[in-house]
Amino acid sequence: MIRLARAAVYFVAIAMHSQGASPPKIYRNDEFGVRLPVPKAGFLCASPRDEHEHGFVILLGSGRSENCRSAGYHRSVVLFAFGNALDDTKHLAGLLNMECEIAEGCQSGPAGLEIAGLPTASGRVKGPDGWIELVVVTQAGKPSGYEPNEPSVNYIFSLYTRPEYLEEDLKVFRTILQTVKLPSARVKRR
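Residues numbered from 1 in each chain as written. Predicted model: local features only at pLDDT ≥ 70, side-chain atom pairs only at ≥ 80, totals over all residues. Heavy atoms only, no water.

Visitor: Is there a simple way to think about the overall build of the protein chain in this case?
Guide: A count of helices and strands for the protein chain gives 3 helices and 9 strands. Taken from N to C terminus, the helices and strands of the protein chain fall in the order α-β-β-β-β-β-α-β-β-β-β-α. Every one of the 190 residues in the protein chain was classed for burial, and the buried ones make up 38%. In the protein chain, the share of contacts with a sequence separation of at least 24, taken over all contacts with a separation of at least 6, comes to 54%. Accessible surface computed for the protein chain: about 11500 Å², of which carbon and sulfur atoms make up 55%. (Helix = DSSP H or I, 4+ residues; strand = E, 2+ residues; numbered from the N terminus. Buried < 20%, exposed > 50% of the residue type's maximum accessible area, 1.4 Å probe, protein only. Contact = heavy atoms within 4.5 Å. Areas by Shrake-Rupley, 256 points an atom, 1.4 Å probe, with all protein chains shown as cover.)

Below, the structure written as structure tokens:
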């Protein structure tokens with residue numbers, strides 16, 4: 001009986017250790033210098049093999065792999081990164097403006113949405129059918145070949161959510177913004 005009880009205690013201890021000790025899933029994109037420990041509250045979608053990888057899609061709530069191709073219809077956090085080679089997006093204000101124009105206008109985003117050590121700008125977009133998009137943009141990396149005083153990569157982080165999930169999803173979004181690692185902005189700003 002003592003052996004059986006001891007075996008049960010060992011089994012529970014091993015199960016608890018294996019649950020707590022599993023390393024977090026890490027998203028990496030070497031081309032754009034992105035590294036992110038994926039929050040447990042999210043499901044990281046696999047990047048489509050037939051597309052150039054510009055970032056990630058993390059589904060929130062009950063997101064599953066079959067929802068990845070239609071992430072715009074699910075609560076999610078999305079990163080889209082691309083080279084800073086356009087006059088319209090050369091500066092941070094232009095990058096946010098590009099996102100706002102696509103959505104036909106932005107309001108101010110919630111305070112404190114930023115990525116440590118990098119200049120950021122944010123906005124809030126009213127989507128169709130009550131959806132909300134929060135946008136945070138930044139620029140980082142070595143100097144651009146087109147503009148030596150500007151970083152070479154643009155990053156657009158977006159949270160897609162509904163009003164009833166806004167506070168819950170905003171916590172995950174803030175965690176992502178606080179834990180994502182991007183290259184430093186190695187340029188001399190004017």
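Visitor: When you look at the state of the cysteines in this model, what are you seeing that I'm missing?
Guide: Tallying each qualifying case throughout the model produces 2 disulfides. Between the sulfur of Cys45 and that of Cys68 lies a disulfide, 2.1 Å long from S to S. One disulfide, between Cys45 and Cys68, carries an S-S torsion of -85 degrees and so falls in the left-handed class. Linking Cys45 in the loop between strand 3 (42-44) and strand 4 (57-60) with Cys68 in the loop between strand 4 and strand 5 (76-83), this pair joins segments that are 23 residues apart in sequence. Using a relative accessible area of 8% as the deciding quantity, one classes Cys45 as buried. Each disulfide pairs two cysteine sulfurs, and for Cys100 the partner residue is Cys106, the sulfurs being separated by 2.0 Å. (Disulfide = S-S within 2.5 Å.)

Visitor: Even after reading the chapter, I still don't get the pattern of salt bridges, so can you show me in this structure?
Guide: Pairing between side chains of opposite charge can happen when their charged atoms approach one another. For the coordinates displayed, the defined rule picks out 3 salt bridges. When the shortest N-O distance is used, the salt bridge between Glu168 and Arg75 registers 3.5 Å. Residue Glu168 is found in helix 3 (residues 166-179), and its partner Arg75 is found in the loop between strand 4 and strand 5; the two are separated by 93 residues along the sequence. The closest approach of N and O atoms between Arg162 and Glu164, which form a salt bridge, is 3.7 Å. For Arg162, a relative accessible area of 22% translates into the label partly exposed. For Glu164, a relative accessible area of 56% translates into the label exposed. Through salt bridges with shared partners, one network takes in Arg75, Glu168 and Asp169. (Salt bridge = Lys/Arg side-chain N within 4 Å of Asp/Glu carboxyl O.)

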